[in-house]
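Chain by chain, the residues:
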Amino acid sequence: MSTVAEAPAGSEKQAIPGRFGAYGGRYVPETLMAALEELEEAYAAAQLDPGFHAELDELLAHYAGRPTPLFYAKRMSEQLGGARIYLKREDLLHTGAHKINNCIGQGLLARRMGKRRIIAETGAGQHGVATATVCALFGMDCVIYMGEEDMRRQELNVYRMRLLGAEVRGVSSGQKTLKDAINEAMRDWVTNVRTTHYLLGSVLGAHPYPTMVRDFHRCISKEARRQMLEREGRLPSAVVACVGGGSNAIGAFYEFLPDENVRLIGVEAGGRGSGPGEHAARFLAAGGGSPGVLQGTYSYVLQDEGGQIVPTHSVSAGLDYPSIGPEHAALHDAGRAEYVSCPDADALRATVALSRTEGIIPALETAHAVAEAMRIAPGMSTDDILLINLSGRGDKDLGILTRELKLEGASGKHADTL
Amino acid sequence: MPIRFKEKPGIVAYLTAGDPDLSATYAIALAAIDAGADVVELGVPFSDPVADGPVIQRASERAVGRGTRLADVLQLAGRLREARPEAGLVLFSYLNPVLQFSRGKGFDRFCGTAAKAGVDGVLLTDMIAEEAGPYLRSMRAHALAPVFLAAPTSPDARLQKIGEVSGGFVYAISRVGITGAQPSMTGDAEQLVSRLRRYTDLPIAVGFGISRAEHVLEIGRFADAAVVGSALVSIIEASSREIAPAAIGRFIEGLRSPALARS
């Protein structure tokens, strides 16, 4: 039972549930409540409006590039010698990651609400780029908050956002990463709430964000499920996705939730160890998080005994967030999804492996899911199917990769690369 | 001890507890009370203060950095209560430290400890009326006043709800935005207070951006108290720990009598 709220009492009456088991809810300064209620109403109205769906579908198809392919990773599967691995190619979407699904959806909503100014936070820069892209498309003002450490790590994406016309504001508080960027975006929103829509980039924050952002990413599993049935005539044994805030993972899991035989595996950032500040694995058994409230929602949080949020680390800027989407917290407690963590070093190795076996350079975030798939595939049967949500492409990470990986040993031969 | 505003407008003085350290906060709080503050709000430092501007963010960071915990702030409140039995004492916190203090036991451990320390009321920045059920039950069981925020953006239906659940006083936010001193006040505050009066008979304190005697005078026309926060925290930031209590005392006296401040 939650220590915060008597969930889920009352939530049944809402058009859109704001709680996932004990988790979720709305924990924000009062100034934001009117805007959250307005957003909830606008979203509920849009859900019932065929015109909204038509416009969304049109943009997803012809601007973003949906449906994305489902690709059989033959060489990787054969070299690992176990489960057959399929890749859901979200990396092929416009702007290079799944993030655009949500940005188009929320951009359309902002337009319906008459808000001409968009703010967003970004960690790896993919959500910032997708937001800047949609703002350019819709002719809206765009301000992106990004931690200075992330600006340094993801320099190319900073340039892309500026090229697209967005103002990128560096955040120098805290660890100068994603959490701090969200704090600053929330402060901007509290101040400019009457004219501004906060285009939150993950299944985090106060209701209705976790539900709404999930819904905009449901297309991932809706397509993958259908494509898998078409290709293989059956469902995958397991779906694997990386989890920072958890938007690509919830999108990849959602339509499989009723399929009890499909394992759902979320991969957190294991960083460089299990000590405080060494990782961002909220569900780690020893050294992980516990239920708490951060940035508007009740979920697992990496914190000390006094309730202060502790630092995190990951080689990937998109996964080092101290909390996780509340729906993942509920799936974790219910045992419906499993959560594991993958160290930095394994993610880097998986980046090389996928690049060389399939000619696909994954984002470092995504590489965490690839690494877990590589770990479990050999122990599975060749009748098993492993579906990886390939959430983003790795071009943005070339700076980090250049520093972290020495490639002098590349032989030019592709016969046996794993 | 019920919260009372003796003069109109009353003064609520916000201090980030543990900045620069807990014994300094103790001395500063006494000086604030002796200079005429009706209520001292002890801010519990938090790593992620999303509703606060740069001044309180920095104070919070310093206090967290020194290891200040909610348990320490409750102890500080107890010492202040002993020293000044008549003063109003309100804890001002983000939700998470309070939640962790009571881990697994709802809000009872927190409310019980706060009541025992002699705290009168609690304001949780990121707790809204709709989510407050279990919190309100514990607060009532320990005879603590739950202070809630009301914002210029809150529609009447929300103000009504806020009026229903509040105790002690209602904290009306003078303008949309984060905490921090401003040169002048907007018309938002007066309008908000007059809307709130329809839904509550509690005193109404106006805060956010209050830093001058003119502001306090202006607030006295339509509200019951003025909350001064960032302005005090700035003075503390700029002062040595030895002179900070006297500087805060003088500043608060000046807020009540502009002539004195100028002389």
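The shown structure was predicted, so the numbers you read here are calculated from the model rather than taken from an experiment.

Engineer: Got a minute to help me understand the state of the cysteines in this structure?
Structural biologist: Put plainly, a disulfide is one covalent bond tying together the sulfur atoms of two cysteines. Residue and element names in this part refer to chain A. Going through the model one piece at a time under the given rule, you end up with 0 disulfides over all chains. With no disulfide of its own, Cys135 has Cys142 as its nearest cysteine by sulfur position, at a separation of 3.7 Å. Exposure remark for Cys135: the relative accessible area of 3% places this residue in the buried category. The thiol of Cys342 is not disulfide-bonded; the next cysteine sulfur, from Cys242, is found 9.9 Å away. Looking at Cys342, the relative accessible area reads 3%, which means it is buried.

Engineer: Is there a simple way to think about the sheet that holds strand E3 (residues 70–72) of chain A in this case?
Structural biologist: Backbone hydrogen bonds hold the strands of a sheet together, and the pairing may be parallel or antiparallel. Residues and elements named next belong to chain A. Sheet architecture is open: 6 strands sit in the order E3-E4-E14-E9-E10-E13, paired in mixed fashion. The strands lining the two open edges of the sheet, one partner per strand, are E3 and strand E13 (337–343). Each strand axis lies, on average, 25° off the axis of its neighbour in the sheet, ignoring direction. As judged from the 5 bridges shared by strand E4 (residues 84–88) and strand E14 (residues 385–389), these two strands associate in the parallel manner. If you follow Ile85 over to E14, its bridge partner there is Leu386.

Engineer: Help me understand the sheet that holds strand E8 (residues 196–198) of chain A in this model?
Structural biologist: All names here are of chain A. On the basis of which strands lie adjacent, the open sheet formed by 4 strands has the order E7-E6-E5-E8 and parallel pairing. One side of each edge strand has no neighbouring strand; the edge strands of this open sheet are strand E7 (167–171) and E8. Across the sheet, the mean angle from the axis of one strand to that of its neighbour is 25°, orientation sign disregarded. Of the strand pairs in this sheet, strand E6 (residues 141–147) and E7 are connected by 5 bridges, and their pairing is parallel. Its bridge partner lying in E7, Met146 is registered against Gly170.

Engineer: Help me out: how do you make sense of the interface of chain B and chain A in this one?
Structural biologist: Interface size is often expressed as the accessible area that is lost when the parts come together. Listed per partner, the contact involves 45 residues of chain B and 38 residues of chain A. For the chain B and chain A pair, buried surface summed over both sides reaches about 3300 Å², with 50% attributable to carbon and sulfur atoms. Linking chain B with chain A are 5 salt bridges, by the criterion used here. A salt bridge links Glu37 of chain A to Arg158 of chain B; its shortest N-O distance comes to 2.9 Å. Connecting chain B to chain A are 23 residue pairs in polar contact (both at pLDDT 80 or more). Those elements that provide at least two residues to the side of chain B that touches chain A are helix H2 (54–65), helix H4 (95–101), helix H6 (133–141), strand E6 (149–150) and helix H7 (156–165) of chain B. In terms of residue count, the dominant contributor to the side of chain B that touches chain A is H4 of chain B (5 residues).

Engineer: What is the right way to look at the packing of helix H2 (residues 50–64) of chain A against helix H4 (residues 99–112) of chain A in this model?
Structural biologist: What describes two packed helices is the angle between their axes and the distance between those same axes. Residue and element names in this part refer to chain A. Running from N to C, H2 and H4 cross one another at 140°; their axes reach a closest spacing of 10 Å. Classified by the interaxial angle, the pair formed by H2 and H4 is oblique. Considering the relative orientation of H2 and H4, their crossing is right-handed. Residues Phe52, Glu55, Leu56, Leu59, Leu60, Tyr63 and Ala64 of H2 pack against Ile100, Asn101, Ile104, Gly105, Leu108, Leu109, Arg111 and Arg112 of H4. Residues belonging to the contact of H2 with H4 are distributed by class as follows: 10 nonpolar, 2 polar and 3 charged.

Calculation notes
Residues numbered from 1 in each chain as written. Chains lettered and ligands numbered in written order. Predicted model: local features only at pLDDT ≥ 70, side-chain atom pairs only at ≥ 80, totals over all residues. Heavy atoms only, no water. Disulfide = S-S within 2.5 Å. Buried < 20%, exposed > 50% of the residue type's maximum accessible area, 1.4 Å probe, protein only. Pairing = 2+ DSSP bridges. Helix = DSSP H or I, 4+ residues; strand = E, 2+ residues; numbered from the N terminus. Axes fitted to C-alpha atoms, helices over the stretch in contact; angles between N-to-C directions. Contact = heavy atoms within 4.5 Å. Buried area = accessible area lost by both parts, 1.4 Å probe. Salt bridge = Lys/Arg side-chain N within 4 Å of Asp/Glu carboxyl O. Polar contact = N/O pair within 3.5 Å; in protein donor to acceptor, adjacent residues only side chain to side chain. Parallel < 35°, antiparallel > 145°, perpendicular 65-115°, else oblique. Left-handed = near helix turned anticlockwise from the far one by under 90°. Nonpolar A, V, L, I, M, F, W, Y, C, P; charged D, E, K, R; others polar.

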